[in-house]
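# Structural characterization, general
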Amino acid sequence: MYCPATMLPVSAVCGGIYRAATRALRTRKIHQCCHLSSGDGVLQAGLADADTIFALSSGHGRCGVAVVRISGPAATTALRSMVGLRKHLPPPRTAMLRSITDPYSKEILDRGLVLWFPAPHSFTGEDSAEFHIHGGPAVITAVLQALGSVPGMRPAEAGEFTRRAFHAGKLDLTEVEGLGDLIHAETEAQRRQALRQMSGDLACLYQNWSHRLKRCLAHVEAFIDFSEDELIEEGVLEQVDISVHDLQAEIGQHLKDERRGERLRSGVHVVIAGATNAGKSSLLNTLCQRPAAIVSPIAGTTRDVVETALDIGGFPVLLSDTAGLRESPDLVEQEGVRRARERVQQADLTLLVVDSTLLPSEEHQASALLLNHLRSVLSSQENTETGRCLLVLNKTDLLPEAQREKLNRGLRGVSGLPPVCLISCQTNEGLKDFLTLLQSSIKSMCGDPLSGAPTLTQARHRAHLQQCVAALAQYGRYRDTDLALAAEGIRLALTGLGRITGRVGAEEILDIIFKDFCIGK
Amino acid sequence: MPHMLTRKLSPVQSIWFLVTKRASHVSRQLYDVIVVGGGHAGTEAAAAAARAGAETLLVTQKIQTIGALSCNPSLGGVGKGHLVKEIDALDGLCGRAGDWAGIHFSILNRRKGPAVWGPRAQLDRQRYREFIQAELLSTPRLTVLEGSVEELLVTDPNPEEPGVHSVTGIRLANSSHPISASSVILTTGTFLSGSLFMGQTTSPGGRIGDAPSSSGLSQTLRERLGLRVGRLRTGTPPRILKDSVDLSLAKLHPPDSNPTPFSFMNTHTRCKPEEQLPCYLTYTTPGVERVVRESLHLNCHIQQDTKGPRYCPSIESKVLRFPGRSHQVWLEPEGVNSDLLYPQGLSMTMPPDVQLRLIREIPAMHRAEIHTPGYGVQYDYVCPTQLSPALQVKNTQGLFLAGQINGTTGYEEAAAQGLWAGLNAARWALSLPLVGLSRTESYIGVLIDDLVSRGVKEPYRMFTSRAEFRTSLRPDNADLRLTMKGYELGCVSSVRHNEAVRVKRGLQDAISSLQALTMSTTRWRRMLPGISVSESKNSSLSGMDLLQYKDVSFEMLASVFPENLSEYMEFSERLKIEAVYKPHCDQSKREIERIQKEENMTLPQNIDYFTLPVSLSQEVREILDRFRPSTLGAATRLEGMTPAALVTLFNYVQFTGKEARTTNRKQTDHEEDLCTRNASLPQ
């Protein structure tokens, strides 16, 4: 079922896809709630219950070719909307070279092999598809995020493909001897490893939530099973109300961590923006130490987004060069400028490049001009936070020494201005300082994985936590009318969290009940 | 609608008839099913076996105690009421007996949502016994015999199936002749090596006033069949003379003004609304705690290390575990003509003089007199992981166990197992495949699955929190979930089946009519002013959607569309519940299907997990050997199982032992069939 809201042309290029994906998820959630209250009854199952799963089936890390596997009824939707097979599905089990596009923006993400395995002749016994794409992290992330935005699709649980294959009776004895160990590694070890890898803090945080949720559930269950003819203290439910509310807020806050942990895993989006001919493409080439973008003295050379993946100080970075911002009668260039602006809006960090030779020599005038320029480029409020931007004054090799010094001193610490770097892409002057600054900005954005507030590291965890928050809302919705349905909300929330921290059984809940209450009968 | 209440035999006649059947007058020496024990499990087992077509013999020590309520004079409650409804849906006795004997009806949790409503009743002990005894008497193919079972007769293990015995019958005390049967159901309650405790005295027995049962039975189970047994304890409070209690010092607790019957076959209870008796609520005082502490050295039951229930603790354990609190004491009537009160919450095992001192610390009972003192019981139970989901002992063909012998507590839990064991014992005797109930379709399924796949560490009581699919397993829809299935399996009469079919069709038609009434929100608001359907929605709603709203009732809709809906007025409450829960049930359907799939993959019971030539860790092998799960579903719920081990197991089953699988397959197909039928309830 398509939600009209998700069909909005969110014309995102790579960097925007994550946002498109979350937006789609979010609207889908809302959509679901509408159904609940309108009583349509055609409930879309929550994330974890959605039917079609996808995952990167080849190993993590850089590799030549990556295989993304999709299984479930929406596999056909994915094929139709992402590889341009509107009318006909490809012949079964035959590799086809296709462009893989974002389902909403139609942006080409990669070109690769597409394979279609209709049920029941697939590994899982369900409709399945495979995308064999290039192995770079940017491409993989983009394809996975695009898949996540297809309605009915969700990231697979550890070992879930095998589990489905197992249910479909697809595994045969010769396969299984080896598979047993494989799945073992895929699930048990992976879960333990994932929990261990989650910095100790994160594991603690999730365990803490799980513990509190268990208590909430135990207390509601006690109230249901024992309150009327046995002695359950008044005010038990009121305490649960408070706890559930707190948990909702805390998990919600955690989800709004601005993707720091995921950034660490999948890359910080850094966008180079500025007026035409400021030297943006030169900066890109300088940073990636290869001529990734065409550089020329002609204004408007770059018309589309040029993207490259980098490692800066150990952090993965997805760097995009954009078209110079200017009014242009050229339709192609107009589109390029529109994309550039959109990129800037979606960027984690914007490098605003300015031709320093065009600045007034007087520093106050210069800073006023820069502030103005900054506002016009970073139109969205969010990005005007100076932490999200660096000012790069390029072409310093063309400035007299005195002017350079003047700017260097005069533009520091001006309120409203982000950190300023004077560099020359021609002579590499100032590049070292710039890199240090860039690195520290990125580092603060990813968070130090070794300390500080725990951050989300996996999209899968995010999905389960979102499910958890949504389920907790069910508690509030039914608290006063139907406690069984309210408790169901906490049960679902605990199931969602349990997929990260481990399962919770009825006995465990009963243990808490008997520890906390004197059940009198 | 049939009124079962009207066609009852007079109690005098029934008891006279039953008493005439003494051990010496046994008419035959060969039965399909023998049931040992006449408590809640035994009576349901005997009745179910006979309903399912088996020639059945019920052996009990004393015919007058058949259907006796040994402990509390009440039935149902939260979770337990669910069981009563399900037993009734399978045509068992206790729901109708409750409607006959109830003297105080109430639905607990009325404000917490229909999925957790707890139908409950205080019972008249006398009337309950009368009903059960009369019912058993009028059951065709059922013979009742007074006697004590001396020995359970089993064969030596079959050389082709090492370790597997078969039951052949029983031998009574004072009789050299065995009575043969294909199936035997043991429902010995607390009598298996039972001992009674009061103060410092201990005596053998399972219930005060009854002779202890023979040690022969216990010996056969342990030594001959090698079954693992454990020991549990329970207790009962003293009975108080009503006249000696100052009820003005307790809080009056009236029943529901309009009693709701347990049974789907009854429209009303025997007791008229105005004839119902109240209960009274009072509390313990610091004096009670003092008496408990002072008398601990005189109390050997409480000093023993045997596991008692955490949810039905004696006053001693309550005081010791939660000191400094006051605990509830319910004063419950024992019957219309009884001069006794049952002090719920005051189960105790101290010497009688201390018991008197203790109860007199409670203001309402400051001059109370004790009729019968409270006492404790310790008894053996057979670790239920040694049973199959049909409640058959895995290593003894034809031997079934039900009730407290499996480690449960409570009348309803016992009755539920009794019914299921009775049905399966009959099916075994009649060479029909044994059947299980899924935890996705019933509380009985949850109960049995918990018992046989996880075992017990303390007396097991049902709670709604044990059921994963609580929103689907409601008391209101037990008939839709189970009656058709029970009819297929042979334990439901055609009268009840027809009634369930009628109700199901009525509900389906009503839901179709409601769904057909689809119109815009604006129009609904015009027709039903005052409903809180939000204006902003311009979508159209069906009558079924509208019924989900808190302030919309079926009666309201029927008053606007009498021509479409008025004929369904008898279902108005059920329709409202269906409407509210439907979205949630739909949501859990997928998970239910997954579990059912796993439950339909049976694991052969004769696997030697230690030598199985597949890759399993020693730890997993030990777990599997200890619990011997019957299905893959049960295996997934074992603690310590790994997905890898499950895959290995699955494939082992898939590719070996084809013969065993063919028979299993038949059974599974049958069950699947029924599940599908079950799943197509009113949508």
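Predicted model only: the values in this text are computed from it and were never measured.

### A few points about the overall build of chain A
For chain A, the count of helices and strands is 17 helices and 12 strands. In chain A, buried positions account for 47% of the 521 residues. A fraction of 69% describes how many contacts in chain A between residues 6 or more apart in sequence connect residues 24 or more apart.

### Quick word on the sheet that holds strand E17 (residues 340-344) of chain B
Residue and element names in this part refer to chain B. The six strands lie next to each other as E14-E15-E16-E17-E13-E18, forming an open sheet whose pairing is antiparallel. Among the strands making up the open sheet, the edge pair consists of strand E14 (251-253) and strand E18 (370-372). Going from strand to strand, the sheet's axes swing by 35° on average, the running direction of each strand aside. Where strand E16 (residues 328-333) and E17 come together, four bridges link them in antiparallel fashion. Of the residues in E17, the one forming a bridge with Trp330 is Gln344.

### Brief notes about the nonpolar core
Counting residues in each nonpolar core, the largest one holds 178 residues, and the members touching the most others are Val33(B), Ile34(B), Ala49(B) and Ile185(B). The residues contacting Ile185(B), other than those within four sequence positions of it, are Val33(B), Val35(B), Val36(B), Ala45(B), Phe400(B), Ala402(B), Ala421(B), Gly422(B) and Ala425(B). Leu147(A), Val268(A), Leu378(A) and Leu422(A) belong to the second-largest nonpolar core, a separate cluster that totals 79 residues.

### A few points about the sheet that holds strand E10 (residues 349-355) of chain A
Residues and elements named next belong to chain A. The six strands lie next to each other as E8-E9-E7-E10-E11-E12, forming an open sheet whose pairing is mixed. Pairing within the sheet leaves two strands with one partner each, and these edge strands are strand E8 (306-312) and strand E12 (420-422). Averaged over all pairs of adjacent strands, the angle between strand axes in this sheet comes to 25°, irrespective of strand direction. As defined by bridge partners, E8 adjoins strand E9 (residues 315-321) across seven bridges and the pair is classed as antiparallel. Along E9, the bridge assignment pairs Leu310 with Val317. Here helix H10 (residues 331-346) sits on the sheet in contact with strand E7 (268-274), E9 and E10, set at roughly 135° to E7.

### What to know about helix H6 (residues 215-224) of chain B
All names here are of chain B. Within H6, burial applies to Leu217, Ser218, Thr220 and Leu221. The buried residues of H6 occupy one face: seen down the axis, they fall within an arc of 160°. Turned more than 90 degrees away from the buried face of H6, the exposed residues are Ser215 and Glu223. Of the surrounding elements, those touching the buried residues of H6 are strand E7 (149-154), strand E12 (229-236) and strand E19 (375-382).

### What to know about unusual backbone geometry
With an omega of 0°, the peptide bond running from Ala119(A) to Pro120(A) counts as cis. Along the polypeptide, Pro120(A) turns up in the loop between strand E4 (108-117) and strand E5 (128-134). One non-glycine residue, Arg93(A), adopts positive backbone phi at about 55°. By secondary structure assignment, the location of Arg93(A) is in the loop between helix H2 (75-82) and strand E3 (96-101). Of the residues examined, Arg93(A) has 11 C-beta atoms within 10 Å and is grouped as exposed. At Ser193(B), a residue that is not glycine, the phi angle is positive and equals roughly 50°. Position of Ser193(B) relative to the elements: it lies in the loop between strand E9 (178-186) and strand E10 (195-198). Residue class for Ser193(B) comes out buried when judged on the 22 C-beta atoms lying within 10 Å of it.

### Some details on the domain arrangement of chain B
All names here are of chain B. Partitioning chain B into structural domains gives domain 1 (26-491), domain 2 (496-587) and domain 3 (600-679). Spacing between the C-alpha centres of domain 1 and domain 2 amounts to 40 Å. Of the residues lining the interface, 13 residues belong to domain 1; the matching set on domain 2 comes to 11 residues. Split by residue class, the side of domain 1 that touches domain 2 holds six nonpolar, three polar and four charged.

### What about the environment of His327(B)?
Tracing the backbone shows His327(B) in the loop between helix H9 (315-321) and E16. The spacing of His327(B) and Leu346(B) is 19 residues in sequence and 9.3 Å in space, taken between C-alpha atoms.

### With respect to the pairing of E19(B)
All names here are of chain B. The element E19 is largely enclosed, with a buried count of eight among its eight residues. The alternating pattern of E19 places Tyr375, Val377, Tyr379 and Tyr381 on one face and Gly376, Gln378, Asp380 and Val382 on the opposite face, and all of these are buried. For E10 and E19, the ladder comprises three bridges, and the chain directions are antiparallel. Bridge pairing links Ser195 to Gln378 in E19.

Cut-off values and rules
Residues numbered from 1 in each chain as written. Chains lettered and ligands numbered in written order. Predicted model: local features only at pLDDT ≥ 70, side-chain atom pairs only at ≥ 80, totals over all residues. Helix = DSSP H or I, 4+ residues; strand = E, 2+ residues; numbered from the N terminus. Buried ≥ 20, exposed ≤ 12 C-beta atoms within 10 Å, placed from the backbone. Contact = placed C-beta atoms within 7 Å. Pairing = 2+ DSSP bridges. Axes fitted to C-alpha atoms, helices over the stretch in contact; angles between N-to-C directions. Core = buried A, V, L, I, M, F, W, Y, C linked by C-beta atoms within 7 Å. Arc of directions from axis to C-beta. Domains from an automatic or database assignment. Nonpolar A, V, L, I, M, F, W, Y, C, P; charged D, E, K, R; others polar.

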